[in-house]
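What follows is the residue order along each chain.
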Amino acid sequence: KGRFIDSNNNGTPDEMEPRMGKEIATTQINKVISAESDLVEKGLINVFFDINSATPNQGSSNNLYIILHYMQNNPTAKVKLFGFADKRGDEAQNLDLSKQRAQKVYDFLIANAIAPQRISIEDIGADTKFMDNSEASLTLARRVSVTIEK
């Protein structure tokens, strides 16, 4: 009464341990890592910013960590960070803001032990790919895009 069985001596009762075996859990983790790597390698991971801000918005924190994990899991990989702004504001201001945004992602990676020689930056300025001035287009334009350098 009041006792439990802990056959592997890890401090967790056997009935409380996950139902999945360790092998299945490892397989699931590897699938997630593979999917994240695939997204980075295809250039589909972006870090987004609010208007006139060089700080990534809250919705981009997962993307920052996906980039970080990719760099940690691929120690020879090199990335290029492309900073963008929306087309509001003058050209010089947008160029400076896009540089600050790319620098902020760069600083995050460096602060998390990624070697500086593995990261390059290009400030683009205003992203003119979006033809309309809808809020959705302007929001998508304020970003840092990541590509793998070959």
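In this report, the structure presented in the accompanying data block is examined. (Residues numbered from 1 in each chain as written. Predicted model: local features only at pLDDT ≥ 70, side-chain atom pairs only at ≥ 80, totals over all residues. Heavy atoms only, no water.)

Quick notes on the packing of helix 2 (residues 61–73) against helix 3 (residues 91–111)
Next, step 1: At a minimum axis separation of 10 Å, helix 2 and helix 3 run at an interaxial angle of 50 degrees. Taken together, helix 2 and helix 3 sit at an angle that is classed as oblique. In this structure, the crossing between helix 2 and helix 3 has a hand that is right-handed. Listed contacts from helix 3 to Leu64, Tyr65, Ile67 and Leu68 of helix 2 are Val105, Phe108 and Leu109.
Next, step 2: When its residues are assigned to classes, the contact of helix 2 with helix 3 shows 7 nonpolar, no polar and no charged. (Axes fitted to C-alpha atoms, helices over the stretch in contact; angles between N-to-C directions. Helix = DSSP H or I, 4+ residues; strand = E, 2+ residues; numbered from the N terminus. Parallel < 35°, antiparallel > 145°, perpendicular 65-115°, else oblique. Left-handed = near helix turned anticlockwise from the far one by under 90°. Contact = heavy atoms within 4.5 Å. Nonpolar A, V, L, I, M, F, W, Y, C, P; charged D, E, K, R; others polar.)

Here's the deal with the pairing of strand 4 (residues 143–149)
Next, step 1: With 5 of 7 residues buried, strand 4 is to be regarded as a mostly interior element.
Next, step 2: The pairing of strand 1 (residues 46–48) with strand 4 spans 3 bridges and is antiparallel. In the sheet register, Phe48 faces strand 4, and the bridge partner there is Arg143.
Next, step 3: Relative to strand 4, strand 2 (residues 78–85) runs antiparallel, the two sharing 6 bridges. Counted as the bridge partner of Val79 is Ile148 from strand 4. (Buried < 20%, exposed > 50% of the residue type's maximum accessible area, 1.4 Å probe, protein only. Pairing = 2+ DSSP bridges.)

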